[in-house]
Amino acid sequence: MSQDATLPPAVRFVRVRKSFGQTVAVDGVSFDVAAGEFFSLLGPSGCGKTTTLRMLAGFERPDAGEILLNGERIDGLPPWERPLAMVFQSYALFPHLSVARNVAFGLERRKLPRAEIDDRVRSALELVRLDPSTFGSRSPRQLSGGQRQRVALARALVLEPPVLLLDEPLGALDRKLRKEMQAELRALNRKLGTTFVYVTHDQEEALAMSDRVAVMAEARIEQVGTPEDVYERPRTAFVAGFLGETNIFEGDAGRSVAVRPERVRLLGSGSAVPSGFSSRPGEIRDLVYLGDREHAIVGLGSGADFRVDLRNTDQVGGRAWKRGDAVIVAWRPDDAHPLEDG
Amino acid sequence: MRRPPWWVGGITAVALGLLHLPIAVLIASSFNRSRFAMRWDGFTLDWYFRLLERGDILDALRASLVVALVSTALATVFGTLIALALARHAFSGRRVYQGLLYLPIVTPEIVMGISLLVLFATAGVTLGLGTITIAHVAFNISFVAVVVLARLHGMGRDLEEAAMDLGAGPLTTFFRVTLPQILPGVVAGALLAFTMSFDDFVITFFVAGVGSTTLPLLVYSMVRRGVEPTINAISTIILVVTTIAILVAYRLREEGFE
């Protein structure tokens, strides 16, 4: 991630708004993406993340606000005049063209000499680890999902765009392949220095890949920050609840407070609470065995459920909890994050 | 699945027989040496060769082909453009236009024929091959547009957006991506239009005027003077041409959707 203060951000959104009829899809969204950054827009379906990306690509015109690329406004330009390239969720490979012709499509529009096009197509396919002599002449129909994904990536990267847009590109792949591609995309981002703007609804994916994440809900950005920021220090109940599991309860100051299940300790009733810890008494209502860990669901007196994560290495083996056990849940005050009203 | 009772098969056989037996008799008669359908005197191609000696039939065939080819070409271009506008652009009244598209398909031919005749008469246009062609374009546009529209909806917008994202302007996108994708639909629509034009009688009858005769019009006037075996031969040719066109069109419409 290059953070040169003299450089304008690679992408800047300033109070961008877009509605479709009565529905507000994006409501005054502002954010910056630094050059070379892996930036994710994360949120549930219908939160406006895809519309945000489509406005950046030029497929939708914002109703208000500004979109800047390297300091220059691009929101008035049609998609074919924007130097960005996009990887589509459906891959959108041209079925009537071979793999090589698909990858060459953008270069041909730029009227480059044939020899240069052939060279760049070959290196782009090699970059995404597809053998050009094996795959170049194939039709997209003859490829597996993972191979199509790689062709779509090569077709975008071959243009050496300053910013690469990715719209849930791994959604259609199985779990193992998805993990593999996550690592590869991350490596490509570092190796090429290209800015990546990545749209996903998968919080694990966003945390694993991104330099920074913008969490969106209901047409607005709830929080922008590093994966650690948004996971460890969620600012709103939505962010706390959307990224992993969390316990939200009324804190001592009367504000809502969130604490992660893995930060909570489970103690037998009557045992001493470590000094400085906050605690509540309760009763184990259920235990859910998950292999690497176990969830204890603790009913507190107030009627709320409190979820505690017990890692298989220590606590599960250390003591066999049973349903109905009277317990104390305890956490360090640092791990409890006050939430903004939202 | 349970076997249907025997009488279902019987009804089916009768229905199919009523539909297809007359056509089968007509085709057989066109190869019959006898002038009368009831008697089989042996196989002959005489009736087909006799067509070649008939100047009126050859003229009508030529007129039919010219009208069908020209009206198909025009209807295919306009119909495709209409389908593109309806599928890819938002404009006020789009739904109304889409509804109007089906109007020529459901309008009784006789109504369409009369209204076109009134239009040409009011505008002072001389009736002839020109007015026949215009009339055929008018009803064929809808058929082409409906077929191409289905294809465009099936294709989605992703491919076109990908092309634009890669630097292709609207024209390049159309010729490099959209057209190759919808081509089977366009060709299917064109074949359908050709068939509709080639065997149209009712509308053509109203707008033909004197002196311009297409093949269906000639067959009609010949039948009024009595059924000659050459008519069986012409009808068989029309049947074969249109059947082939429809079969190819049908195959093309199915093709390409994965």
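Note that this is a predicted model, so its numbers are computed, not measured.

The rules behind these values
Residues numbered from 1 in each chain as written. Chains lettered and ligands numbered in written order. Predicted model: local features only at pLDDT ≥ 70, side-chain atom pairs only at ≥ 80, totals over all residues. Heavy atoms only, no water. Helix = DSSP H or I, 4+ residues; strand = E, 2+ residues; numbered from the N terminus. Buried < 20%, exposed > 50% of the residue type's maximum accessible area, 1.4 Å probe, protein only. Contact = heavy atoms within 4.5 Å. Lys, Arg positive; Asp, Glu negative; His and termini not counted. Charge placed at Lys NZ, Arg CZ, Asp CG, Glu CD. Salt bridge = Lys/Arg side-chain N within 4 Å of Asp/Glu carboxyl O. Domains from an automatic or database assignment. Buried area = accessible area lost by both parts, 1.4 Å probe. Polar contact = N/O pair within 3.5 Å; in protein donor to acceptor, adjacent residues only side chain to side chain. Nonpolar A, V, L, I, M, F, W, Y, C, P; charged D, E, K, R; others polar. Phe/Tyr/Trp six-rings, centres within 6.5 Å; stacked < 30°, edge-to-face > 60°.

Enquirer: Give a detailed account of the overall build of chain A, specifying residues and quantitative values.
Expert: Each helix and strand counted, chain A has ten helices and 18 strands in total. Referenced to the eigenvectors of the C-alpha coordinate spread, the extents of chain A come out at roughly 80 × 45 × 40 Å. For chain A, with 342 residues in total, the buried portion stands at 50%. Within chain A, residue pairs in contact and separated by at least 24 positions form 62% of the contacts whose partners lie at least 6 positions apart. Positive and negative side-chain charges in chain A, numbering 46 and 47 respectively, have mean positions lying 4 Å apart.

Enquirer: Please provide a residue-by-residue account of the pattern of salt bridges, values included.
Expert: Residues and elements named next belong to chain A. Applying the stated rule across the entire model yields 33 salt bridges over all chains. Residue Asp27 is joined to Arg220 by a salt bridge in which the shortest nitrogen-to-oxygen separation is 3.2 Å. Taken together, the residues span a long stretch of sequence, with Asp27 in strand 2 (residues 23–33) and Arg220 in strand 10 (residues 220–225) at a distance of 193 residues. The shortest N-O distance in the salt bridge between Lys49 and Glu168 comes to 3.6 Å. Pair noted here: Lys49 is in helix 1 (residues 49–57) and Glu168 is in the loop between strand 7 (163–167) and helix 6 (175–192), with a separation of 119 residues, a long-range link. Exposure class is identical for Lys49 and Glu168. Each is buried. Salt bridges sharing partners connect three or more residues here, namely Arg101, Glu108, Arg114 and Asp118.

Enquirer: I'd like a rundown of the domain arrangement of chain A, residues and numbers included.
Expert: Residue and element names in this part refer to chain A. If you check the domain split of chain A, you get domain 1 (11–238) and domain 2 (247–338). Each partner contributes to the interface: domain 1 provides six residues, whereas domain 2 provides six residues. Three residues stand out in domain 1 for area buried against domain 2, namely Tyr231, Glu232 and Pro234, and they jointly supply 76% of the buried area on that side. Among the salt bridges present, the one from Arg263 reaches Glu232, with a minimum N-O distance of 3.4 Å. Summed over the shared surface of domain 1 and domain 2, the result is four residue pairs in polar contact (both at pLDDT 80 or more). The element best represented in the side of domain 1 that touches domain 2 is helix 8 (residues 227–232), accounting for three residues. Here the side of domain 1 that touches domain 2 is built from residues that sort into four nonpolar, no polar and two charged.

Enquirer: Would you mind going over the interface of chain B and chain A in detail, with residue names and values included?
Expert: Listed by partner, the interface residues are 19 residues for chain B and 23 residues for chain A. Between chain B and chain A, a total of about 1900 Å² is buried, with carbon and sulfur atoms accounting for 61% of that surface. Together, Glu161, Asp165 and Leu166 of chain B form the three largest contributors to the area buried by chain B at its contact with chain A, with a combined 37%. Linking chain B with chain A are one salt bridge, by the criterion used here. A salt bridge links Arg54 of chain A to Glu161 of chain B; the shortest N-O distance between them is 2.6 Å. Our count for the chain B to chain A interface comes out at seven residue pairs in polar contact (both at pLDDT 80 or more). Listed by contribution, the elements that provide at least two residues to the side of chain B that touches chain A are helix 8 (158–165) and helix 9 (170–198) of chain B.

Enquirer: How would you sum up the packing of aromatic side chains? Please name residues and give values.
Expert: Per the counting criterion, the structure on display carries 19 aromatic pairs over all chains. Here the aromatic rings of Phe38 of chain A and Phe196 of chain A are separated by 5.4 Å at their centres, their planes lie at 40 degrees, and the arrangement is tilted. Placement of the pair is Phe38 of chain A in strand 3 (residues 38–42) and Phe196 of chain A in strand 8 (residues 195–200), with a sequence separation of 158 residues. Like Phe38 of chain A, the residue Phe196 of chain A is buried in the burial classification. Summarising the aromatic geometry, the rings of Phe205 of chain B and Phe206 of chain B are spaced 6.0 Å apart at their centres and angled 85 degrees between planes, so their arrangement reads as edge-to-face.

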